[in-house]
Amino acid sequence: PHLEDKKHVFLSAPTGSGKTAASLYAALKHAYEYNLRVFFATARTTQQLMAEETVERMAQKGIPIRAVSIRAKEKICLHHEVRCLPDVCPYAAGYFDKLQRNNTLQSSWSMHDSRGDLWPDKIIRIAEEQYICPHALSLDLASMADVVIGDFNYLFDPSVRLSMVSAEPQKWMVIVDEAHNLPERAMGYGSPRISLRLVWRALEGTRGTDFAQPLEELYSYMLDQLSESKEKEWSFEIADVDSKIFQKWVTAFESLAVRYAQVTQERTFFSEDEGDLWTDVARTIFRFSAIFSQAKDETLVLYTKGYLDRKLKSSDQLALFSRWKPKDEHTSLALLNRDPSGILGPVFKDFHSSIIMSATLEPMEYYRNMFGIPQMHRIEVRTPSYFPQEHRASFVIPSISTAYRDRERDREKTAMIIGDIISSTPGNIAVFFPSFAYLEQVVPLIDCTREKVLQQKRGLSERDRHELLETMKKGEGHTLFGVMGGIFSEGVDLPDKALCCAVMVGPCLPQANYARRKIQEWNEKKYQKGFAYAWLVPGLARVSQAAGRVIRTPTDKGTIILLGKRFASKNMKEFLPKELILQTTYNIKPELQSFWKTHSGN
Ligand code: SF4
């Protein structure tokens, strides 16, 4: 009924409670009745897969669904590199002609699947057969679908928002899955950065032509600002920003754009490896300017990152630049938008209705503030955990410190405790660290009696991730070492014996840097909750998500262990899920042995 009232429903429900199926069913029922469309927005591919499975199950039950799932370009690109220009990529060349000739948009639905769901593997198959870009095809097919599954970006990032949504937002019912990720993402949308290296290379490439003019001004502005910075102050805020200067550069780029496109038909300014740096700079400056015009000034911080030595001769400076990697962003100009409500609020206002759901929407007050949806359009629903409390035991072990400065000192003890947990748990176990660096520091020291050890590696491929999950699902007593906020700690289903214990090593607070301190400052000023909103809520949301992997069905049994003394502090407990009834222990072995004595084989 809330959806009929065009409301935005904040749904806080524990992991494994069937949110995906329930929300999709409710939204679809309503969508068919009122001629609306459903967008299921996710933060990662694993959630997209779950939504696809759910839609498939609904279709098998006879619900007539036309659904499309959109994957990121990088994940389904058929070319050897993602460069979507007709003269570079053969799948982009003649795209519309091929589409028309083959009647692709009509024939895709019936030709490949009578049920009418088009998932990425099917779209790739069609694209391969017809030699067209699968990503462009998925977007075109999405414009015909009742249900679209895709990343948050397609709805909320102003630079990639789908035109079919922005043209008629009132026609869309939106489900935001794992919504706890959206505020941080939205801050990212409003926080572009441009490196001095990029501007310098773009300028070098076009020097002596009219196209260099806006670059020269931008470059000299950046040099001035960066030379103000001091080595000890790696970043500093630029005071009294005149945002009109960005608009002026936008106008200059716009006035040159058509001629630039014509000239680059005949000649290139940059090497093939570098790509089109002039356009890269222009796009980024457009983004700065757009954010200055949309966001409230007090939410924005324009700041420098890195510094330049004023005493350096210009020839030395150039030598220094040329050693930097093309994407080097250490010395750059950055904009930070500290208030996601300014980005999200106006977008939600235009949707017909939405379900904003997660197992980690507490404290609700934080999410209320971050989403910027007024009270009169908002409904809050909390569902309790239906799983028997006695199936789960949760512990805090405060005997070590996971603070950055203490990690080296405590790493052997940390490894020893993890070893004890592993040897006292009769089943699959996952140990999650706040970072790969910390994981690599501790894991080699763990005296792991088990042979079956799996480790999450940086940049793991989809295939490797899938294989690793399938191995865990066999429930043969594996130990997985991974990171919080990563692909194994959120949005994956590890029911029954696939996971019996999750250990979270430290509270996974965001990285300490200038931007984070500025976010803290803003939240302190606006809500008097600087530390909580900037650090604790995002950090503990990752912990709660990882903890939520253990109990996925009413018959699952398992233990959740928070390792580190910071978990014992009162202000941390306030932000952890209420269903975690934490017991403090300095000796975990007997606790686990006693739990599993009662629960093994039941
Ligand atoms: S047009 Fe498509 S296939 Fe070609 S590079 Fe871009 S994403 Fe890849």
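Parameters at a glance
Per chain, the residues get numbers from 1 upward, laid out in the order the sequence is written. Under the rules for a predicted model, residues below a pLDDT of 70 receive no local features and side-chain atom pairs below 80 are neither given nor counted, while totals for whole chains, interfaces and linings still include all residues. Only hydrogens and water are set aside when side-chain values are computed; all heavy atoms of the structure are taken into account. Strands pair, by our definition, only if DSSP identifies at least two bridges between them. For helices the rule is a DSSP run of H or I covering at least 4 residues; for strands it is a run of E covering at least 2, with both sets numbered from the N terminus onward. Axis angles are defined between N-to-C directions and span 0 to 180 degrees, where every axis is a line fitted to C-alpha atoms and, for a helix, only to the segment in contact. An angle below 35 degrees is read as roughly parallel, one above 145 as roughly antiparallel, one from 65 to 115 as roughly perpendicular, and any other as oblique. Residue contacts are defined here by distance: any two heavy atoms, one from each residue, within 4.5 Å place the two residues in contact. Residues are grouped as follows: nonpolar covers Ala, Val, Leu, Ile, Met, Phe, Trp, Tyr, Cys and Pro; charged covers Asp, Glu, Lys and Arg; every other residue, Gly included, is treated as polar. Relative accessible area decides the class of each residue, using a 1.4 Å probe on protein chains only: under 20% of the type maximum gives buried, over 50% gives exposed, and in between gives partly exposed. Throughout, the arc means the angular range of directions from the helix axis out to the C-beta atoms. Between 30 and 60 degrees the pair is tilted, below 30 it is stacked and above 60 it is edge-to-face, where a pair is any two Phe, Tyr or Trp rings, Trp via its six-membered ring, whose centres lie within 6.5 Å. Here the expected length of a helix is defined as 1.5 Å per residue gap, with one fewer gap than residues. What makes a crossing left-handed is the near helix being turned counterclockwise from the far one by less than a right angle; a clockwise turn instead makes it right-handed. What is meant by a nonpolar core is a set of buried Ala, Val, Leu, Ile, Met, Phe, Trp, Tyr and Cys residues, joined one to another through side-chain atoms within 4.5 Å. Source of the domain bounds: an automatic or database domain assignment. By buried area we mean the combined loss of accessible area, with a 1.4 Å probe, across both parts when two parts are placed together. In protein, a polar contact requires one atom able to donate a hydrogen and another able to accept it; more generally it is a pair of N or O atoms within 3.5 Å, and residues adjacent in sequence count only if both atoms are side-chain atoms. Any carboxyl oxygen of Asp or Glu that lies within 4 Å of a side-chain nitrogen of Lys or Arg is treated as forming a salt bridge with it.

1. A look at the sheet that holds strand E5 (residues 147-151)
Move 1: In space, the 8 strands of this open sheet follow the order E4-E3-E5-E2-E6-E11-E1-E12, with parallel pairing throughout. Looking at strand neighbours, the two that pair on one side only are strand E4 (117-118) and strand E12 (378-382), the edges of this open sheet.
Move 2: Of the pairings in the sheet, the one linking strand E3 (residues 67-69) to E5 comprises 3 bridges and is parallel in character. Across the sheet, residue Ala67 finds its bridge partner in E5, namely Val147.

2. Comments concerning the packing of helix H16 (residues 341-350) against helix H17 (residues 364-371)
Move 1: Close contact between H16 and H17 brings their axes to 6 Å; oriented N to C, the two are set at 75°. Taken together, H16 and H17 sit at an angle that is classed as roughly perpendicular. Contact with H16, carried on its side by Ser341, Leu344, Gly345 and Phe348, involves Asn369, Met370 and Phe371 of H17 and no other residues of that element.
Move 2: When grouped by side-chain class, the residues that make up the contact of H16 with H17 number 4 nonpolar, 3 polar and no charged.

3. A word on helix H10 (residues 182-189)
Move 1: Among the residues of H10, those classed as buried are Leu182, Pro183, Ala186, Met187 and Tyr189. Along the axis of H10, the buried positions cluster into a sector of 155°, meaning they face one direction only.

4. Examining the packing of aromatic side chains
Move 1: A full pass over the atoms with the stated rule returns 27 aromatic pairs.
Move 2: When the centroid spacing of 5.2 Å and the interplanar angle of 35° are considered together, the rings of Phe246 and Phe292 count as tilted. Taken together, the residues span a long stretch of sequence, with Phe246 in helix H13 (residues 244-266) and Phe292 in helix H14 (residues 277-294) at a distance of 46 residues.
Move 3: When its relative accessible area of 13% is taken as the criterion, Phe292 is described as buried.

5. A few points about helix H2 (residues 45-60)
Move 1: Taking 1.5 Å per residue, 16 residues should reach 22 Å; H2 reaches 23 Å between its end C-alpha atoms and fits that length.
Move 2: Of the residues making up H2, those classed as buried are Thr45, Thr46, Gln47, Gln48, Ala51, Glu52, Thr54, Val55, Met58 and Ala59.
Move 3: Just past H2, the residue Gly62 takes up positive phi, approximately 100°.

6. Here we look at the packing of helix H18 (residues 407-423) against helix H24 (residues 588-599)
Describing two packed helices takes the angle between their axes plus the distance from one axis to the other.
Move 1: Running from N to C, H18 and H24 cross one another at 15°; their axes reach a closest spacing of 9 Å. Classified by the interaxial angle, the pair formed by H18 and H24 is roughly parallel. The handedness of the crossing between H18 and H24 is right-handed. Together, Ile417, Asp420, Ile421 and Ser423 of H18 and Ile588, Lys589 and Leu592 of H24 make up the contact between the two elements.

7. Let's talk about the sheet that holds strand E8 (residues 235-237)
Strands pair in a sheet through their backbones, by hydrogen bonds, and they do so in one of two ways: parallel or antiparallel.
Move 1: Within the open sheet, the 4 strands sit side by side as E7-E10-E9-E8. Their pairing is antiparallel. Two strands lie at the open edges of the sheet, namely strand E7 (193-195) and E8, each paired on one side alone. Within the sheet, the average angular offset between the axes of one strand and its neighbour, ignoring direction, is 20°.
Move 2: As judged from the 3 bridges shared by E8 and strand E9 (residues 300-305), these two strands associate in the antiparallel manner. In the sheet register, Phe236 faces E9, and the bridge partner there is Thr304.

8. Some points on the nonpolar core
Inside soluble globular proteins, nonpolar side chains tend to come together where they are buried.
Move 1: Of all hydrophobic cores here, the largest spans 83 residues; its most connected members are Phe39, Phe156, Phe348, Phe371 and Met504.
Move 2: Counting only domains with at least three residues in this core, you end up with domain 1 (8-184 + 341-382) and domain 3 (389-599).
Move 3: In this structure, Phe371 is in contact with Phe10, Ala179, Leu182, Pro183, Ser341, Leu344, Gly345, Phe348 and Ile356, ignoring residues within four places of it in sequence.
Move 4: Judged by nonpolar contacts, the second largest core, of 38 residues, contains Leu215, Tyr219, Phe253 and Leu335.

9. Looking at the domain arrangement of the protein chain
Move 1: Parsing the protein chain into structural domains produces domain 1 (8-184 + 341-382), domain 2 (193-294 + 296-337) and domain 3 (389-599).
Move 2: On a C-alpha basis, the centres of domain 1 and domain 3 stand 30 Å from each other.
Move 3: On the side of domain 3, 26 residues touch domain 1, which itself brings 24 residues to the contact.
Move 4: Across the domain 1/domain 3 interface, buried area totals approximately 1900 Å², and carbon plus sulfur atoms make up 49% of it.

10. A closer look at the environment of Lys7
Move 1: Inspection of the secondary structure assignment puts Lys7 in the segment before strand E1 (8-12).
Move 2: Along the sequence, Lys7 and Arg378 sit 371 residues apart, while their C-alpha atoms lie 5.7 Å from each other.
Move 3: A polar side-chain atom of Lys7 sits 3.1 Å from the main-chain carbonyl oxygen of Met376.

11. Considerations on the pattern of salt bridges
Move 1: Counting across every chain of the model gives 24 salt bridges.
Move 2: The salt bridge involving Glu380 is made with Arg368; its shortest N-O contact spans 2.5 Å. With a gap of 12 residues between them, Glu380 in strand E12 and Arg368 in helix H17 connect regions that are remote in the sequence.
Move 3: Classification of Glu380 by relative accessible area gives partly exposed; the value is 29%.
Move 4: Exposure remark for Arg368: the relative accessible area of 25% places this residue in the partly exposed category.
Move 5: Salt bridges sharing common partners tie together Glu204, Arg207 and Glu216.

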